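# Working through the structure, step by step
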Amino acid sequence: MQGEGTVLLVDGLNLFLRHFTANPAMGSNGNHVGGIVGSLYDLNAIVQRFKPHKVYVVWEGGGSPRRRHIFPDYKAHRRPERLNRIYADEIKTTVSDHDNQIKDVVNLLKMLPVNQLYVPDCEADDIIAYICRYEHPNDLHVILSSDKDYYQLVSEKTVIYSPTSKKIIQVQDVIDRFGIHPNNFALAKAVCGDPSDNIPGISGVKFKTLSNRFSNLTDETPVMLDDFFVAARQAAGNSTIKAHKQIVEGIDTIRRNWELVHLDTGILSGTQAKRIQDLCVACKSNRDKIGFIRYLLSLGIQTFNADLIFYTFSHIGA
């Protein structure tokens, strides 16, 4: 999984939040910098491991109006981030601190050979899914994220590197964990729901239950929604298992959830898809080590190893 044929796709906000919430580091000027230094060091380690020839860092574009139109409660009522701040009573963590650190990460990455993508009203996973399916078709795509939404993209050409488990997730890993093939993961998620995105599923039906009742979801062949519903109706008529009946009664919910969780161009406007294409073509390779160091110093970050990260990224082209 190394060499010229590897493209690294980083879910920027997912990466940042892991460090912003867990790393309480302070700069010499008294500001929080944990999200900044943590993101940079983590990205450096991933590039060292996979040696990609291209790196995309993809940022959230403010959410998906289309999904909110389908389901107004989509991603509503999310719990606040739990912060590792032993000095929380003395130094308050604010929204501006969060946003400023993201801004600083973006500005620092502009001085590295990293391609940053942002598309208004477009979620990062939609952009990453588009790139996986339609850009760099001959390369291996490595997605850096702890978000399970990406499991539906896993294939011979796409793997996920989980920063929490420090493991590469491939097709068999998804099957072993959920009993569901990645090609049918979106369907399974539409049935089971996703509490993290406030998407209610069919009560009592979990991934393992689903794979036990519908064994073809473990197979590589994608199962179409209507075929799944036919099988569910047949099963409900021939058994007393509660899950079959619940699925049949929840068909409308499952159809709606499918529109919310399935990552494909259907959720993108033509303008958004064109924007992604243009950004992939227009990205430039920057290497401004002096500017990078000066920016770190302006943030009170004095011990970051800039030599290391510029050496790690030295092989990356535009």
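Notes on the structure follow. (Residues numbered from 1 in each chain as written. Predicted model: local features only at pLDDT ≥ 70, side-chain atom pairs only at ≥ 80, totals over all residues. Heavy atoms only, no water.)

## Brief notes about empty space enclosed by the protein
Over the atoms, a rolled probe matching the size of one water molecule traces out where space is still vacant. Note the cut-off: Computed over the protein atoms alone on a 1 Å grid, cavities are sets of points where a 1.4 Å probe fits but cannot get out and pockets are open sets with protein on both sides within 12 Å along at least five of seven lines; a residue lines them when it has an atom within 4 Å of a point. Grid points are joined across faces, edges and corners, and a volume is the space filled by probe spheres set on the points. The residue classification treats Ala, Val, Leu, Ile, Met, Phe, Trp, Tyr, Cys and Pro as nonpolar and Asp, Glu, Lys and Arg as charged. All others, Gly included, are polar. Strands here mean DSSP runs of E at least two residues long; helices mean DSSP runs of H or I at least four residues long; both are numbered from the N terminus.
What the rule picks out here adds up to 3 cavities of 30 Å³ or more. In this structure, the largest cavity encloses a volume near 60 Å³. Lining the largest cavity are Arg67, Tyr74, Asp125, Asp149, Lys189, Asp197, Ile199, Leu260, Val261 and Leu263. Looking at the lining of the largest cavity residue by residue, the class counts come to 5 nonpolar, no polar and 5 charged. Its volume calculated, the second largest cavity comes out at about 40 Å³. In terms of lining residues, the second largest cavity is bounded by Gly12, Leu15, Phe16, Ser39, Leu40, Leu43, Val57, Trp59, Val105 and Leu109. Going through the elements one at a time, α1 (12-22), α2 (34-50), β2 (54-59) and α4 (95-109) are the ones with two or more residues in the lining of the second largest cavity. For the lining of the second largest cavity, the per-class residue count stands at 8 nonpolar, 2 polar and no charged.

## Observations concerning the layout of surface pockets
If you add up the space inside the second largest pocket, you get close to 360 Å³. Along the walls of the second largest pocket sit 22 residues, with Arg133, Gln152, Pro182, Asn183 and His262 positioned nearest its centre. Elements supplying a minimum of two residues to the lining of the second largest pocket: α5 (124-134) and α7 (185-192). With 3 residues, the top contributor of residues to the lining of the second largest pocket is α7. Residues of the lining of the second largest pocket, tallied by class, amount to 13 nonpolar, 7 polar and 2 charged.

## Digging into the sheet that holds strand β6 (residues 167-169)
Where we set the bar: A pair of strands is considered paired only if DSSP assigns at least 2 bridges between the two. Fitted lines through C-alpha atoms give the axes, limited to the stretch in contact for helices. The angle between two N-to-C directions lies from 0 to 180 degrees. Any two residues whose heavy atoms approach within 4.5 Å are treated as being in contact.
Sheet architecture is open: 6 strands sit in the order β3-β2-β1-β4-β5-β6, paired in mixed fashion. A single partner strand is all that each edge strand has here, and the edge strands are β3 (115-118) and β6. Neighbouring strand axes in the sheet, compared pairwise and without regard to direction, differ in orientation by 25 degrees on average. Across the sheet, α1 touches β1 (6-11), β2 and β4 (140-144), and the angle it forms with β1 is around 60 degrees.

## A few points about the packing of α1 against α2
Test applied: Reported orientations rely on four angle classes, namely roughly parallel under 35 degrees, roughly antiparallel over 145, roughly perpendicular from 65 to 115, and oblique for the rest. By the definition used in this description, the sense in which the near helix is turned from the far one sets the handedness, with an anticlockwise turn below a right angle giving left-handed and a clockwise turn giving right-handed.
Taken N-terminus to C-terminus, the directions of α1 and α2 make an angle of 125 degrees; their axes are 7 Å apart at the nearest point. Relative to α2, the element α1 lies oblique. As α1 packs across α2, the resulting crossing turns out to be right-handed. Along its contact with α1, which presents Leu15, Phe16, Arg18, His19 and Phe20, the element α2 presents Gly34, Gly35, Ile36, Gly38, Ser39 and Asp42.

## Here we look at the environment of Leu297
Residue position: Leu297 is located in helix α13 (residues 289-298). Once the C-alpha coordinates of Leu297 and Asp278 are considered, the two residues, 19 residues apart in sequence, prove to be 34 Å apart.

## What about the pairing of strand β5 (residues 158-162)?
As a reminder of what qualifies: Note on exposure labels: buried denotes an accessible area under 20% of the residue type's maximum, exposed denotes more than 50%, and partly exposed covers the range between, all computed with a 1.4 Å probe on protein chains only.
Judged by how many residues are buried, β5 sits mostly within the fold: 5 of 5 residues are covered. Of the two faces of β5, the one holding Thr158, Ile160 and Ser162 and the one holding Val159 and Tyr161 are both buried throughout. Bridge count between β4 and β5: 4 bridges; the pairing is parallel. Bridge pairing in β5 links Val142 to Val159. With 3 bridges joining them, β5 and β6 adopt antiparallel strand pairing. Looking at the pairing, Ile160 lines up with Ile169 of β6.

## With respect to the side chain of Arg67
Looking at the secondary structure, you find Arg67 in helix α3 (residues 65-70). Owing to a relative accessible area of 1%, Arg67 belongs among the buried residues under this scheme. With residues near it in sequence (within four places) discarded, Arg67 still touches Tyr74, Glu123, Asp126, Glu259, Leu260, His262, Leu263 and Ile267.

## Points about the packing of aromatic side chains
Test applied: Two rings from Phe, Tyr or Trp (for Trp, the six-membered ring) form a pair when their centres are within 6.5 Å of each other. A pair whose planes differ by under 30 degrees is stacked, one over 60 is edge-to-face, and the rest are tilted.
Within the structure shown, the criterion is met by 13 aromatic pairs. Ring geometry for Tyr130 against Tyr134: centres 4.9 Å apart, planes inclined by 50 degrees, an arrangement best described as tilted. With Tyr130 and Tyr134 both in helix α5, this residue pair falls 4 residues apart, about one helical turn. On the numbers, 6.0 Å between centres and 55 degrees between planes, the contact of Phe292 with Phe304 is tilted. With a gap of 12 residues between them, Phe292 in helix α13 and Phe304 in the loop between α13 and α14 (306-312) connect regions that are remote in the sequence. Each of the two residues, Phe292 as well as Phe304, counts as buried. Following the ring pairs from residue to residue traces out a cluster consisting of Tyr41, Phe292, Phe304 and Phe310.

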